[in-house]
Amino acid sequence: MCGIVGAIAGRNISAILLEGLKRLEYRGYDSAGMAVLNSQTGQLDHLKRVGKVAQLDAALTGSPLPGYLGIAHTRWATHGKPEQRNAHPHLSADRIAVVHNGIIENHTALKAELVADGYQFLSDTDTEVVTHLIYREVMAGKSLEVALKESLKRLDGAYALAVIDQQQPDLLLATRMGSPLVIGVGVEENFIASDPLALLQVTDRFIYLEEGDVAAITRSDIKVESLAGEPVTREVQRFEHGHDAADKGLYRHYMLKEIYEQPDVIARVLEGRIHQGHVLEQVFGSGASELFDQVKMVQIVACGTSYNAGVVARYWIEKLVGIPCMVEVASEFRYRKTVCMPGTLFITISQSGETADTLSALREAKEQSYLGFLSICNVAGSSLVRESDLAIMTNAGPEIGVASTKAFTSQLVVLMLTTLVLARRYGFDDEQEIVAQLEQLIGLTEQVLALDPQIQKMAEHFVDKHHALFLGRGTIYPVAVEGALKLKEISYIHAEAYPAGELKHGPLALVDEDMPVVAIAPNNSLLEKLQANLEEVRARGGKLFLFADSKAQVKPGNDLELITLPDVPTVMAPIIYSIPLQLLAYYVACLKGTDVDQPRNLAKSVTVE
Ligand code: AGP
């Protein structure tokens, strides 16, 4: 989704802005732009291009934007088509320039008011109203800071905003409400971005702005205030991941790199969380034990891949803890009347911690009488983490590929840790055994990655297909859903997942030689039933692509492609079996030549509704 970068320095900042935009490309966007206060002419120059940052880069070669103060943006169209005039920054009277992430919901009314006041609009965006509002306040004699605050009071909706004024060469303003924004702290220079990854080339020290913060940034000073003008203190935090985290190294795509990182990621998730075969409760945050003591029920809310991880956890929690667990997609939960039973722990799962629907669902839930709020998240300073009572990080490191891979497996491992700390309160006494199995995951994951050449070969069967069915049962059903999501997301093949028992209730009608059926069949109590379902597919001329272990008893035949995985403990199967499905989707997409890391129409972090 949209990305923001800004800089104020004693050196030319346009290359820094451009590099920042390149680092934000993974978020998904359709146009890019930059505004810089020209250090020679004193003019506010800007350049915008539809398409990739490379197009903006090429345009900058012909028309460089030298200067010490500037803002830049990648836009993912919400209001108005991806056209140059709709790209950010937006300017008012060539004096005020603004970049914006989020949505201004009352922009229509504000636009009418500004048009009546004589302002001309050059774009179809919601953002342009902000630019003119600020300009109008400045022209009424207010300082830029006051003009921004007065304008913010008029806005309904979500925003992260960066503002510069052609007549204020030593001031960069930044504010957020509902969309993330960080300040990158340098030496005699400072930066802003919607994601710290954009700035790792220039700093590893960050201030994470909180809701309603307004920051006035100069080269040597950072002042943060609330909207009401109260000074607030925000600590400077070091970015915890290595500088190469945002680099794809020798891999062809970030997605492949991230799939291959999974053994290390699982090791990192477990590190410091286990002691003598037991999960340490303090890793969930202070007060966790007291809260967990009172849990009688769990409500999980998330979106996309994170939701699929939540569905796996429902099976685990109901089986190992023995308490009810409900899971719902956040975009539904937030808008319906829900009933909160006493003693319910509310868990949100999110890679980014900034997904608008998940965040809103959390805020809605906070209006009800939930026992407490736990966030399972990959980004430490994110809104979700800050707004939850308890948080546990998935430690997957930055995930750049739009299709979630390592985030999913790390979420599953954390969800198993969560299951264990709850289960011990309900008399579960196999914790040490499960912990030992978690520790074996690292080696098992490596073995599964070694199946890469076989999976690559299997992918060839999918290239000319338009549809695919994925089947699983029990904890493997959500793994099938996740496998189908991966395939559709990056290869654009229509893929649906069903619990295999549902086949004959409808989807079997779709089965023919043009409908590949991917079945995930680890050895578990439902294996025999699943095998019967698979024979139903073969009897109708369907071709099976089977991921199973040595226990699977399936008749060989031309209608079967089998990949044999190592034997894994039943409870760990969802984690292990998700990996070959990620590789399958990846290789199908590569063969089809799609943009694997930035699939069409999708954004990494969905910060608007
Ligand atoms: C997964 O491959 C996705 N691109 C998407 O479904 C994602 O999982 C979803 O948008 C939720 O994001 P979050 O984990 O950052 O909240």
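The name recorded for the protein chain in an unreviewed UniProt entry is Glutamine--fructose-6-phosphate aminotransferase [isomerizing], from Amphritea atlantica. You can read under Function (unreviewed entry) in the UniProt record for the protein chain the words "Catalyzes the first step in hexosamine metabolism, converting fructose-6P into glucosamine-6P using glutamine as a nitrogen source." The record in UniProt for the protein chain states the following under Subcellular location (unreviewed entry): "Cytoplasm".

S.K.: Looking at this model, I keep getting lost on the pattern of salt bridges. Mind explaining?
M.R.: A side chain of one charge can pair with a side chain of the opposite charge if their charged atoms are brought near each other. Throughout the structure, instances matching the rule amount to 38 salt bridges. Between Glu137 and Lys142 there is a salt bridge; the shortest N-O distance is 2.5 Å. Note that Arg234 is salt-bridged to Asp213, the shortest N-O span being 2.7 Å. Note that Arg234 is positioned in the loop between strand S13 (222-225) and strand S14 (237-238) and Asp213 in the loop between strand S11 (205-208) and strand S12 (214-217), a separation of 21 residues in sequence. We classify Asp213 as buried; its relative accessible area is 2%. Among the ionic contacts, a cluster of salt bridges with common partners joins Glu281, Asp293, Arg424, Arg425 and Glu431.

S.K.: How do you make sense of the side chain of Arg273 when you look at a structure like this?
M.R.: Here Arg273 lies in the loop between helix H7 (262-270) and strand S15 (274-275). What Arg273 contacts, discounting residues up to four positions off in sequence, is His278, Val279, Leu280, Val283, Ile392, Met393, Asn395, Val414 and Leu417.

S.K.: For this particular structure, what's the right way to read the layout of surface pockets?
M.R.: Unoccupied space between atoms shows up once a probe the size of one water molecule is rolled over them. Put simply, the largest pocket is a space of about 690 Å³. Lining the largest pocket are 36 residues, with Cys303, Gly304, Thr305, Glu489 and Val606 positioned closest to its centre. Residue assignment for the lining of the largest pocket shows that the elements contributing at least two residues are helix H9 (304-321), strand S19 (344-350), helix H11 (356-365), helix H13 (406-423) and helix H16 (476-491). Looking at the lining of the largest pocket element by element, the count peaks at five residues for H9. Of the residues in the lining of the largest pocket, the class split is 17 nonpolar, 13 polar and six charged.

S.K.: Can you help me understand the site of the ligand in this one?
M.R.: If you check the shell around the ligand, you find 14 residues, and the closest are Ser306, Ser350, Gln351, Thr355 and Glu489. Here an oxygen atom of the ligand sits 2.6 Å away from a polar atom, N or O, in the side chain of Ser350. Across the complex, the protein chains shield 91% of the 410 Å² of accessible surface that the ligand would expose by itself. Under a 2 Å grid-point criterion requiring more than half of the atoms, the pocket assigned to the ligand is the largest pocket. Looking at the shell around the ligand, the elements with two or more residues in it are H9 and H16. The dominant element in the shell around the ligand, judged by the number of residues it contributes, is H9, at three residues. Here the shell around the ligand is built from residues that sort into four nonpolar, eight polar and two charged.

S.K.: Teacher, can you tell me more about the UniProt feature "domain: Glutamine amidotransferase type-2" (unreviewed entry) in the protein chain here?
M.R.: The residues that UniProt annotates with the feature "domain: Glutamine amidotransferase type-2" (unreviewed entry) are residues 2-220. Taken end to end, residues 2-220 has its terminal C-alpha atoms 28 Å apart, with 24% of it in helix and 33% in strand.

S.K.: I would appreciate a short explanation of the UniProt feature "active site" (unreviewed entry) in the protein chain in the present structure.
M.R.: UniProt marks Cys2 and Lys604 with the feature "active site" (unreviewed entry), using the numbering shown here. In terms of the greatest pairwise C-alpha distance, the residues named above, spread along 603 residues, form a tight cluster of at most 9.7 Å across. From the set just named, the residues that line the largest cavity comprise Cys2. Take Cys2: it is sitting in the segment before strand S1 (3-8). On the basis of relative accessible area, Cys2 is assigned to the buried category, the value being 9%. Beyond its immediate sequence surroundings of up to four residues, Cys2 is in contact with Arg27, Gly28, His73, Thr74, Arg75, Trp76, His100, Asn101 and Ser194. Structurally, Lys604 is set in the segment after helix H18 (573-592). The class of Lys604 is buried, set by a relative accessible area of 12%.

S.K.: Which parts of the structure should I look at to understand helix H17 (residues 527-539)?
M.R.: Counting along an α-helix, one turn takes 3.6 residues, and residues three or four places apart therefore face a common direction. Taking 1.5 Å per residue as the helical rise, H17 with its 13 residues ought to reach 18 Å, and the 18 Å between its terminal C-alpha atoms agrees with that figure. Along H17, the positions that sit buried rather than exposed are Leu527, Leu530, Gln531, Asn533, Leu534, Glu536, Val537 and Arg538. On its buried face, H17 sits against strand S22 (467-472), strand S24 (517-521), strand S25 (544-548) and strand S26 (560-564). Gly541, located one to two residues past H17, shows a positive phi value of around 80°.

S.K.: Looking at this structure, how should I read the sheet that holds strand S8 (residues 172-177)?
M.R.: Where strands meet in a sheet, backbone hydrogen bonds hold them as pairs that are either parallel or antiparallel. Strand order in this open sheet of six strands is S5-S6-S7-S8-S12-S13, and the pairing throughout is antiparallel. A strand with exactly one partner marks an edge of an open sheet, and here the two such strands are strand S5 (90-92) and S13. When strand polarity is set aside, the average angle formed by the axes of neighbouring strands in this sheet is 20°. In the packing of helix H4 (residues 128-139) onto the sheet, contacts are made with S5, strand S6 (96-104) and strand S7 (157-165), and the angle to S6 comes to roughly 135°.

S.K.: Can you walk me through the sheet that holds S24 in this structure?
M.R.: With respect to topology, five strands assemble into an open sheet ordered S23-S22-S24-S25-S26, the strand pairing being parallel. The open sheet has two edge strands, strand S23 (494-499) and S26, and neither has a second partner. On average, each strand axis in the sheet is tilted by 20° relative to the strand beside it, whichever way the strands run. Bridge count for S25 against S26 is five bridges, and the pairing is parallel.

S.K.: Hey, could you run me through the environment of Phe191 in this one?
M.R.: Take Phe191: it is sitting in strand S10 (residues 190-193). Note on Phe191: relative accessible area 0%, which makes it buried. Each C-alpha atom, one on Phe191 and one on Ala9, is 8.3 Å from the other, the two residues being 182 residues apart in sequence.

S.K.: What am I meant to see in empty space enclosed by the protein here?
M.R.: Per the stated rule, a full pass over the model turns up three cavities of 30 Å³ or more. For the largest cavity, the calculated volume is near 60 Å³. Looking at side-chain class alone, the lining of the largest cavity contains two nonpolar, six polar and two charged residues.

S.K.: How do you make sense of helix H1 (residues 14-24) when you look at a structure like this?
M.R.: Where H1 is concerned, the buried positions are Ser14, Ile16, Leu17, Leu18, Gly20, Leu21 and Leu24. At its buried positions, H1 is contacted by S1, strand S2 (31-38), helix H2 (53-62), strand S4 (67-75) and S10.

What counts and what doesn't
- Residues numbered from 1 in each chain as written.
- Predicted model: local features only at pLDDT ≥ 70, side-chain atom pairs only at ≥ 80, totals over all residues.
- Heavy atoms only, no water.
- UniProt positions renumbered as here; feature names shortened; annotations may be inferred.
- Salt bridge = Lys/Arg side-chain N within 4 Å of Asp/Glu carboxyl O.
- Helix = DSSP H or I, 4+ residues; strand = E, 2+ residues; numbered from the N terminus.
- Buried < 20%, exposed > 50% of the residue type's maximum accessible area, 1.4 Å probe, protein only.
- Contact = heavy atoms within 4.5 Å.
- 1 Å grid on protein atoms, 1.4 Å probe; cavity = no way out; pocket = protein on both sides within 12 Å on 5 of 7 lines; lining within 4 Å.
- Points joined across faces, edges and corners; volume = space filled by probe spheres on them.
- Nonpolar A, V, L, I, M, F, W, Y, C, P; charged D, E, K, R; others polar.
- Near = heavy atom within 4 Å.
- Polar contact = N/O pair within 3.5 Å; in protein donor to acceptor, adjacent residues only side chain to side chain.
- Areas by Shrake-Rupley, 256 points an atom, 1.4 Å probe, with all protein chains shown as cover.
- Sits in = over half its atoms within 2 Å of the grid points.
- Expected span 1.5 Å × (residues − 1).
- Pairing = 2+ DSSP bridges.
- Axes fitted to C-alpha atoms, helices over the stretch in contact; angles between N-to-C directions.

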